[in-house]
Amino acid sequence: MKILNVCFYVTGVASVLSQNDEFEKKYQEVYKNIVSFLIERPKSRFSVYFSGPLVSWIDREHSEFTQLLSKLTSRKQAEILGGGYYNPVFPLLFPQDRTGQIDLMTGELRSCIGKRPRGMTVFNSIWDNSLIPCIQSCGMEYVFLDSSLIPKEKQFYLPLIVTEQGKSLNVLSVNREFIPNTLIAPREYLRNLFDTVNYLTKDDAYSSFTDERVVAIKIDENQFKRLYETKWLEKLFSTAEEFFSDSIKITIPSEYLHREQTRIPSYIPAGIQSDVAKWAKRAYEEVSVSHSSQPTIFDFLLTYKQNKALYNRMLYISLLINQCKGDKARKKIAREKLWIAQNGEGYVCDPDGVFANNAMRQHAYRNLTEAEKLVREAVKDGFKEAVSNYDYNGDGFNEYICAMKQYNACVSLKGAQLTELDIIHNTGNYADSPRRIKQFDKFEDKYHRGLFVDHLFSVDEFSDYKKGTPTGSGIFSQTLFKQLDFDAHRHEIKLSGSGKFSPIQATVTLLKKYIANSNGFAIQYILKNDSPFDIKGVFVTESNYAQTDFSSVKANSYKVEVIANEEKTEVDAKDNARSAKKVSYVQITDTSNDISFVYEPNEMCDMVCMPIIFRRPSSASDTPTISGNAFVASLCWNVELEAGKEIEKTINYSIIVPKKKSKKKKLST
């Protein structure tokens, strides 16, 4: 090897939750220095990648930045990289959304910078070979992928060429082991870089074809800030020119690729860059990965159920939009909302193991709900309520999707509960609550915390339950129910589940019927003692509402009002568990969105409600930190059942959304 080509590229990515003041702070501290550095040092060169929302914000608020960047690209001192506008996880998207996200980003760069990108990045290097035709059809000549995805037998520090369905694409391997370190002097860094690549490629299969090799090095915004402030980056370019002008060429990818003709034909299996993939095997635990055990994005989603639930919802909305034949303007806006919800932050963690929190997921769910609302408005013949039955989440069991006027809900056979509840009044998923994990939360929940989760407890177990302690054998909450009847026309779902009542192992059966209506459900329970023994316990139906107030980690937006003993009262359960007896009416109000959920049981019951805190690992702390919380509300009945007897309970469940304010007509004179 005579010459080593080094392609640095600097990235700037804004979180979906970033506000204008956060954008401005980052701009002043980091982004403007990227252009300043290049302008002040004409012999310096590197590529730049900014996420779509960040590009749009900078062009709107600091147009001088994009004007200067345009000049730098014109004199080939900088190269702009493309990608998906909202940093999506491409393998999870339908082809139309893949090309749409890339084209939106390309159009924005062309508008702001005056030049379209020829290369692109992929969020967390989440790759699948099926992406090649889409990327190539969008005018991209090359893509950056993390070196951990490249098969070892193809790692020659040369461009790769991958093909799919007759389409081909160049791949540049990004080497994280070469990220600059301010503790190592630039001259030593460059010498080590050259010597390492030279040693690894000496007399290899491609030495007779080319005297040049290439390394691509990603520098994120925090790394750039350190390198810039310590003058390390400035010294790097001057050192390269003074001492390594004959052996190291710091360049931009397109210039190198147009000059170098050698390509290594390759096939890159589906995967994720290794520092993210290590979190995919076991929930919230690092597990080393190798090329032979490279997990895919779908392995990741199967490990993290809430991320998978968001994916299911996103896929459902994408199908609705693709099938919509109505108002094109509304359909276009709906697709834009869908693209916002496809941001990778909601589906995959970052390399430090920081996972999407409640706020990120609810942001995605809210945009998906807004998209569904627009699709309903766009339908030519008007929206028609429907309850359908199919495998919504790909678990091998059919779910029931209730698309009603005020909401969209998913009823699962697992626990016969609502695993999703999206209110069409532009809110997120109220059933988006995780389960507690013992190593982080001191308790282990063995069931999904959805809505209308049913339990049958002994008196002692119920005493523990009221304290928020996991208890009981999981009867009904962990039961796989069976369909007894389904009437799509009448919107009726009739399910049956059975189990053993733990104190005496008595067989009990629960018949549960959902009747969906425009504003909620009528839910009928028939609990039967199928054993030869009498049983005595507490029947509980539990609903876990995801938090929608993100002003603080412990914020609780829910207010509870009940009619107990024929008197209306408010139950303060914002911080601790509270209970009420002889309840005939419960109203839980999400004060953040002014949406109320009303329970009207046919017989008086007791009520228990409490907040539940969830903790998860954090890169900022050695101990788990609060990642979100849920509000639990449970209706409870004492039951005494003789052998062979049954009891019936019914709940009318209503969703009350704010009414639209009518415009007052002006009086004519």
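Residues numbered from 1 in each chain as written. Predicted model: local features only at pLDDT ≥ 70, side-chain atom pairs only at ≥ 80, totals over all residues. Heavy atoms only, no water.

**A word on the overall build of the chain**
From N to C terminus, the chain includes 16 helices and 27 strands. By the compact-globule yardstick of 26 Å for 669 residues, the chain fits well, its C-alpha radius of gyration being 29 Å. Buried residues in the chain amount to 54% of all 669 residues. When contacts within the chain are restricted to residue pairs at least 6 apart in sequence, long-range pairs at least 24 apart make up 69% of them. For the chain, the computed accessible surface area is about 29500 Å², with 48% contributed by carbon and sulfur atoms. A distance of 3 Å separates the average location of the 87 positive side-chain charges in the chain from that of its 83 negative side-chain charges. (Helix = DSSP H or I, 4+ residues; strand = E, 2+ residues; numbered from the N terminus. Rg over C-alpha atoms; globule rule 2.2 N^0.38 Å. Buried < 20%, exposed > 50% of the residue type's maximum accessible area, 1.4 Å probe, protein only. Contact = heavy atoms within 4.5 Å. Areas by Shrake-Rupley, 256 points an atom, 1.4 Å probe, with all protein chains shown as cover. Lys, Arg positive; Asp, Glu negative; His and termini not counted. Charge placed at Lys NZ, Arg CZ, Asp CG, Glu CD.)

**Considering the packing of aromatic side chains**
Tallied over the entire structure, the rule returns 45 aromatic pairs. Aromatic pair phenylalanine 462 and tyrosine 465: ring centres 6.3 Å apart, planes at 20 degrees, arrangement stacked. Taken as a pair, phenylalanine 462 and tyrosine 465 lie in helix H16 (residues 459-465) at a separation of 3 residues, close to a single helical turn. In this structure tyrosine 465 comes out as buried when scored by relative accessible area, which is 7%. (Phe/Tyr/Trp six-rings, centres within 6.5 Å; stacked < 30°, edge-to-face > 60°.)

**Quick look at the sheet that holds strand S12 (residues 399-403)**
Spatially, S11-S12-S13-S14 is the arrangement adopted by the 4 strands of the open sheet, whose pairing is antiparallel. Lying at the two open borders of the sheet, with one neighbouring strand each, are strand S11 (386-390) and strand S14 (418-423). Direction aside, the axes of adjacent strands within the sheet are offset by 10 degrees on average. Across 5 bridges, the pairing between S11 and S12 is antiparallel. Bridge pairing links serine 388 to isoleucine 401 in S12. Sheet strands touched by helix H12 (residues 305-323): S11, S12, strand S13 (407-411) and S14. Its angle to S14, the strand with the most contacts, is close to 50 degrees. (Pairing = 2+ DSSP bridges. Axes fitted to C-alpha atoms, helices over the stretch in contact; angles between N-to-C directions.)

**Considering the packing of helix H2 (residues 52-61) against helix H3 (residues 63-74)**
Between H2 and H3, the least distance of the axes is 5 Å, while the angle of their chain directions is 110 degrees. With respect to H3, the element H2 is oriented roughly perpendicular. On H3, the residues that touch Ile58, Asp59 and Glu61 of H2 are Ser63, Phe65 and Thr66. Here the residues of the contact of H2 with H3 are counted per class, giving 2 nonpolar, 2 polar and 2 charged. (Parallel < 35°, antiparallel > 145°, perpendicular 65-115°, else oblique. Nonpolar A, V, L, I, M, F, W, Y, C, P; charged D, E, K, R; others polar.)

**Digging into the nonpolar core**
Within the largest apolar cluster, 130 residues are counted, with the highest numbers of intra-cluster contacts made by Phe46, Trp127 and Phe300. With 8 residues, the single largest contributor to this core is helix H1 (residues 20-40). Excluding residues that lie within four positions of it along the chain, phenylalanine 300 makes contacts with Ile272, Val276, Trp279, Ala280, Asn307, Tyr347, Val348, Cys349 and Phe355. (Core = buried A, V, L, I, M, F, W, Y, C linked by side-chain atoms within 4.5 Å.)

**Quick notes on the pattern of salt bridges**
Considering all chains together, one arrives at 34 salt bridges under this definition. Between arginine 213 and aspartate 204 there is a salt bridge, with its nearest N and O atoms 2.8 Å apart. Comparing arginine 213 with aspartate 204, the two get one shared label, buried. Between arginine 490 and glutamate 492 there is a salt bridge, with its nearest N and O atoms 3.1 Å apart. Three or more residues are tied together by salt bridges with common partners; here these are Arg313, Glu372, Arg376, Glu420 and Asp422. (Salt bridge = Lys/Arg side-chain N within 4 Å of Asp/Glu carboxyl O.)

**Here's the deal with H1**
One turn of the α-helix equals 3.6 residues, which is why residues spaced by three or four share an orientation. The terminal C-alpha atoms of H1 lie 28 Å apart, and with 21 residues this matches the ideal 30 Å at 1.5 Å per residue to within 8%. At tyrosine 27, H1 shows its largest bend, some 55 degrees. All of the buried residues along H1 are Phe23, Tyr27, Val30, Tyr31, Asn33, Ile34, Val35, Phe37 and Leu38. (Expected span 1.5 Å × (residues − 1). Bend = angle between axes of the 7 residues up to and from the residue.)

**So, the confidence of the model for the chain**
The predicted model of the chain has a mean per-residue pLDDT of 93, with 98% of residues at 70 or higher. Low pLDDT, under 50, characterises residues 662-669; the predicted model gives this stretch 0 contacts beyond four residues in sequence or across chains. (pLDDT = per-residue confidence, 0-100.)

**Side note on H2**
Considered for burial, the residues of H2 that qualify are Gly52, Leu54, Val55, Ser56, Trp57 and Ile58. At its buried positions, H2 is contacted by strand S1 (3-12), H1, strand S2 (46-50), H3 and helix H4 (95-113).

**A look at the pairing of S2**
Taking burial as the measure, the 5 residues of S2 include 5 buried ones, the bulk of the element. In the sheet, S1 pairs with S2 via 4 bridges, with the strands oriented parallel. Of the residues in S2, the one forming a bridge with tyrosine 9 is serine 47.

**A few points about the environment of serine 207**
Among the secondary structure elements, serine 207 is positioned in the loop between helix H6 (186-201) and strand S8 (212-219). Judged by relative accessible area, serine 207 falls into the partly exposed class, the value being 27%. Along the sequence, serine 207 and phenylalanine 156 sit 51 residues apart, while their C-alpha atoms lie 9.7 Å from each other. What serine 207 contacts, discounting residues up to four positions off in sequence, is Thr201, Lys202 and Arg213. A polar contact of 3.3 Å, which involves the side chain of serine 207, links it to the backbone oxygen of threonine 201. A polar contact is formed between the side chain of serine 207 and the backbone nitrogen of aspartate 203, at a distance of 3.3 Å. (Polar contact = N/O pair within 3.5 Å; in protein donor to acceptor, adjacent residues only side chain to side chain.)

**Quick look at the pairing of strand S20 (residues 535-546)**
For S20, a buried count of 11 out of 12 residues is recorded, marking the element as mostly surrounded by other parts of the structure. Relative to S20, strand S15 (residues 453-457) is paired through 5 bridges, and the arrangement is antiparallel. Within S20, the position partnered with phenylalanine 457 by the bridge is valine 538. As judged from the 12 bridges shared by S20 and strand S26 (residues 621-641), these two strands associate in the antiparallel manner. Bridging from a neighbouring strand, glycine 537 pairs with valine 639 of S26.

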